[in-house]
Amino acid sequence: MELNNKKVMVVGTGISGIGAIDLLNKAGADCIIYDGNEKLSREDISKKLKGNKAEIIIGKLPEDITNQVDLLVISPGVPVDSPIVEQFKKAEVPVWGEIELAYNYDKGRIIAITGTNGKTTTTALVGQIVKAYNEKTFVVGNIGNSYTGEVLNTSNDSYTVAEISSFQLETIHKFHPVVSAILNITPDHLNRHHTMECYSKTKENISMNQTKDDVCVLNMEDEELYRFGSECPAKVVWFSSKRKPEIGAYVQGDDIRYTDGTTDELMLNVHDMNLLGTHNYENVCAAIAMTKAAGIPDDIIVQQVKKFKAVEHRIEYVATKNDVWYYNDSKGTNPEASVKAIEAMVRPTILIGGGYDKGSEFDMYVKAFKGKVKKLVLIGQTANKIAQTCDKYGFKDYVFANDLKEVVDICAASADKGDAVLLSPACASWGMFDNYEQRGDMFKQYVNEL
Ligand SMILES: CC(=O)N[C@H]1[C@@H](OP(=O)(O)OP(=O)(O)OC[C@H]2O[C@@H](n3ccc(=O)[nH]c3=O)[C@H](O)[C@@H]2O)O[C@H](CO)[C@@H](O)[C@@H]1O[C@H](C)C(=O)N[C@@H](C)C(=O)O
Ligand SMILES: Nc1ncnc2c1ncn2[C@@H]1O[C@H](COP(=O)(O)OP(=O)(O)OP(=O)(O)O)[C@@H](O)[C@H]1O
Ligand SMILES: N[C@H](CCC(=O)O)C(=O)O
């Protein structure tokens, strides 16, 4: 769609909304920026716009707004079934997400990654590999860098490596990566997507505009993705931590290998890299499959995988205080992610859990304690729900705390020499913190102050 002189309303004044207005200004559109949060001030939004022009509306929208607007662009945090979006859909105003808006202007090749867990790690790794091959590489999306803010820098010979969340995939229409990946699909964000079927379908949308000339990298050990392989419109390349696929990257013993169906080659040994845990071997396999599909030479891929270091807030070592090892896995924002972090611990562990309620069940979280977790300190909206799950499985050693400072004090007082303390809450941070980064940073600060 040509947007010059079109009236476009952007919903949300976060990273995506501000990036979208910047792009729309450059594209010559006449903009409105709207935010439903009445506590926001016009001045603050104006400052964030950094000279870009947009009519600012906060709180309630004028009744006739749908008649004035040619296109609605929504931020990922805005549910597609929210009354405002429904109002525009009813008036037949097209609704795009910020990703679709950016895609409209991307001149280069796109590599896009989704999945419940491992997206940021894999995107950062793929970004690093592709950048080592071609400087003109832009790493964007759910990783925290708005796609709209970068897309005008793309060119015919550039690469965009995009982390795409399920929220963002709800509002794509023509978005077409040459290489896509779905890392895994396990329950998360069910308060937004309502059912697992809906959540899986949304993730699978990453390949909906791909053809057999494109590649979609899928996890062979994920039941839903294994099924999806036969109906995926792109050529499927697999990855597996357990067995050799027909075509794809896989773990065999301590080796990561790749087969193209005829030749089988050793890529590297897991001890040659800085990432720990089988889940990270899967992320590496996915990154290898994607970058090989994008035509990056093996020597560059292997060199960059060996160099790559874990991203902050993901099983991050913080400090050892009084012979107690502290780890920050604030990014453990759903039960599956936190199970991986618990499995990676090699000491008796005091675990910190609980946070914003996304509708998750915590059975697998509590089952993963398996004699390793000696105490659980609970905070946030889900504290009672997790405690009830502990009762169900006979795990008695849990306590409640009011804030993170109290949590760290309880952990320090309860830990024996040689123990680990792990913040891996299995929940989002919202409600108590702005985001998981703030939660992780505060945890690190309190630990360092012990
Ligand atoms: C919730 C979410 O998906 N956030 C992603 C988004 O960040 P952004 O700052 O634009 O946040 P947003 O929540 O979409 O928009 C926030 C603004 O929208 C307003 N808002 C929100 C909902 C609504 O119904 N109405 C409304 O007006 C809020 O008042 C706020 O002012 O775009 C960024 C750039 O692409 C992403 O990095 C960021 O992912 C974060 C890290 C995230 O938590 N993602 C989830 C999906 C995840 O990883 O699991
Ligand atoms: N492949 C994987 N499978 C399962 N769990 C994983 C995998 N990779 C990482 N994790 C776990 O998930 C946590 C988050 O990792 P990462 O940030 O890379 O994922 P993400 O998909 O970007 O998360 P989110 O969608 O919440 O932004 C890590 O701390 C780790 O415990
Ligand atoms: N990845 C978001 C992050 C939440 C947060 O920042 O705490 C989630 O899982 O819900």
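Residues numbered from 1 in each chain as written. Chains lettered and ligands numbered in written order. Predicted model: local features only at pLDDT ≥ 70, side-chain atom pairs only at ≥ 80, totals over all residues. Heavy atoms only, no water.

Time to look at the site of ligand 2. Lys-119, Thr-121, Arg-314, Asp-329 and Lys-331 are the nearest of the 18 residues found near ligand 2. Within the side chain of Asp-329, an N or O atom sits 2.6 Å from an oxygen atom of ligand 2. Between ligand 2 and Ala-337, the relevant distance is 3.1 Å, taken from an oxygen atom to a main-chain nitrogen or oxygen of the residue. Protein chains bury 94% of the 630 Å² of accessible surface belonging to ligand 2 in isolation. Of all the secondary structure elements, the ones that give two or more residues to the shell around ligand 2 are helix H6 (119–133), helix H12 (278–293) and helix H14 (335–344). (Near = heavy atom within 4 Å. Polar contact = N/O pair within 3.5 Å; in protein donor to acceptor, adjacent residues only side chain to side chain. Areas by Shrake-Rupley, 256 points an atom, 1.4 Å probe, with all protein chains shown as cover. Helix = DSSP H or I, 4+ residues; strand = E, 2+ residues; numbered from the N terminus.)

The next thing to look at is the pairing of strand S18 (residues 373–378). The side chains of a regular strand alternate, residue by residue, between the two faces of the sheet. Here S18 lies mainly inside the structure; five of its six residues are buried. Where strand S17 (residues 349–353) and S18 come together, five bridges link them in parallel fashion. Across the sheet, the residue bridging to Leu-351 is Leu-376, located in S18. As judged from the three bridges shared by S18 and strand S19 (residues 398–400), these two strands associate in the parallel manner. Bridging from a neighbouring strand, Leu-378 pairs with Phe-400 of S19. One crossover worth recording links S18 to the parallel S19 by way of helix H16 (residues 383–392), and it is right-handed. (Buried < 20%, exposed > 50% of the residue type's maximum accessible area, 1.4 Å probe, protein only. Pairing = 2+ DSSP bridges. Right-handed = clockwise from strand over helix to strand, strands pointing away.)

The topology assignment puts Thr-13 in the loop between strand S1 (7–11) and helix H1 (15–26). Within polar-contact distance, the side chain of Thr-13 engages the side chain of Asp-35 at 2.6 Å. Aside from chain neighbours lying at most four places away, what touches Thr-13 is Ile-18, Ile-33, Asp-35, Leu-40, Ile-45 and Lys-48. (Contact = heavy atoms within 4.5 Å.)

This part is about the sheet that holds strand S5 (residues 95–97). Taken in spatial order, the five strands of this open sheet run S3-S2-S1-S4-S5, and their pairing is parallel. In this open sheet, the two edge strands, each paired with only one partner strand, are strand S3 (55–58) and S5. Pairs of neighbouring strands in the sheet enclose a mean axial angle of 25°, with direction left out of account. When strand S4 (residues 71–74) meets S5, the two strands line up parallel, connected through three bridges. Among the inter-strand pairings, Leu-72 is bridged to a residue of S5, identified as Val-95. Contacting S1, strand S2 (30–35), S4 and S5, helix H4 (residues 83–90) crosses the sheet at an angle of about 155° to S4. (Axes fitted to C-alpha atoms, helices over the stretch in contact; angles between N-to-C directions.)

This brings us to the nonpolar core. One finds Leu-24, Leu-101, Tyr-147, Ile-164, Phe-175 and Leu-218 to be the most contacted residues of the largest nonpolar core, which totals 45 residues. Per element, the largest residue contribution to this core is five residues, and it comes from H1. With near-sequence residues (within four places) excluded, Leu-218 lies in contact with Ile-182, Leu-225, Phe-228, Gly-229, Val-236, Val-237, Trp-238 and Phe-239. If you look at the next biggest cluster of nonpolar residues, it comprises 39 residues, including Val-217, Met-273, Tyr-281 and Cys-285. (Core = buried A, V, L, I, M, F, W, Y, C linked by side-chain atoms within 4.5 Å.)

Attention now goes to the UniProt feature "binding site: ATP" (unreviewed entry) in the protein chain. Cross-referencing UniProt, the feature "binding site: ATP" (unreviewed entry) maps to Gly-115, Thr-116, Asn-117, Gly-118, Lys-119, Thr-120 and Thr-121 in the present numbering. Following the sequence through the fold, Gly-115 ends up in the loop between strand S6 (109–114) and H6. Assessed through its relative accessible area of 0%, Gly-115 is described here as buried. Not counting residues within four places of it along the chain, the set of residues in contact with Gly-115 comprises Ile-182, Leu-183, Asn-184 and Lys-203. Along the chain, Gly-118 falls in the loop between S6 and H6. Apart from residues lying up to four places away in sequence, Gly-118 is in contact with Leu-183 and Asn-283. (UniProt positions renumbered as here; feature names shortened; annotations may be inferred.)

This brings us to the confidence of the model for the protein chain. Mean pLDDT over the protein chain stands at 96; residues scoring 70 or higher make up 100%. Here the prediction assigns the complex a pTM of 0.88, and the interface score ipTM is 0.95. (pLDDT = per-residue confidence, 0-100.)

To continue, consider empty space enclosed by the protein. Summed over all chains, the structure comprises one cavity of 30 Å³ or more. A volume near 40 Å³ is recorded for the largest cavity. Every residue lining the largest cavity is listed: Ile-74, Ser-75, Pro-76, Gly-97, Glu-98, Ile-99, Phe-167, Gln-168 and Thr-171. Counted by class, the lining of the largest cavity contains four nonpolar, four polar and one charged residues. (1 Å grid on protein atoms, 1.4 Å probe; cavity = no way out; pocket = protein on both sides within 12 Å on 5 of 7 lines; lining within 4 Å. Points joined across faces, edges and corners; volume = space filled by probe spheres on them. Nonpolar A, V, L, I, M, F, W, Y, C, P; charged D, E, K, R; others polar.)

This paragraph deals with the site of ligand 3. Around ligand 3 sit His-189, Lys-331, Thr-333, Lys-358, Ala-428, Ser-429, Trp-430, Asn-435 and Tyr-436, and that is every residue in its neighbourhood. Taking Ser-429, its side chain carries an N or O atom lying 2.5 Å from an oxygen atom of ligand 3. For ligand 3, whose free accessible area comes to 290 Å², the fraction covered by protein is 88%. Here the shell around ligand 3 is composed, by residue class, of three nonpolar, four polar and two charged.

Turning to the packing of aromatic side chains, a few remarks are in order. The tally for this structure, following the rule as stated, stands at nine aromatic pairs. Geometrically, the ring pair formed by Tyr-317 and Tyr-327 is edge-to-face, given 5.9 Å between the ring centres and 65° between the ring planes. You can see Tyr-317 sitting in strand S15 (residues 316–321) and its partner Tyr-327 sitting in strand S16 (residues 324–328), a full ten residues away along the chain. On the accessibility criterion, Tyr-317 (44% relative accessible area) is partly exposed. (Phe/Tyr/Trp six-rings, centres within 6.5 Å; stacked < 30°, edge-to-face > 60°.)

In total, this model carries 23 salt bridges according to the counting rule given. Between Glu-221 and Arg-243 there is a salt bridge; the shortest N-O distance is 2.9 Å. Note that Glu-221 is positioned in the loop between strand S10 (215–219) and helix H11 (223–228) and Arg-243 in the loop between strand S11 (235–240) and strand S12 (248–252), a separation of 22 residues in sequence. With relative accessibility at 26%, the residue Glu-221 sits in the partly exposed group. Linking Arg-227 and Glu-231 is a salt bridge whose minimum nitrogen-to-oxygen distance equals 3.1 Å. A residue is classified by how much of its surface remains accessible, and Arg-227, at 38% relative accessible area, is partly exposed. (Salt bridge = Lys/Arg side-chain N within 4 Å of Asp/Glu carboxyl O.)

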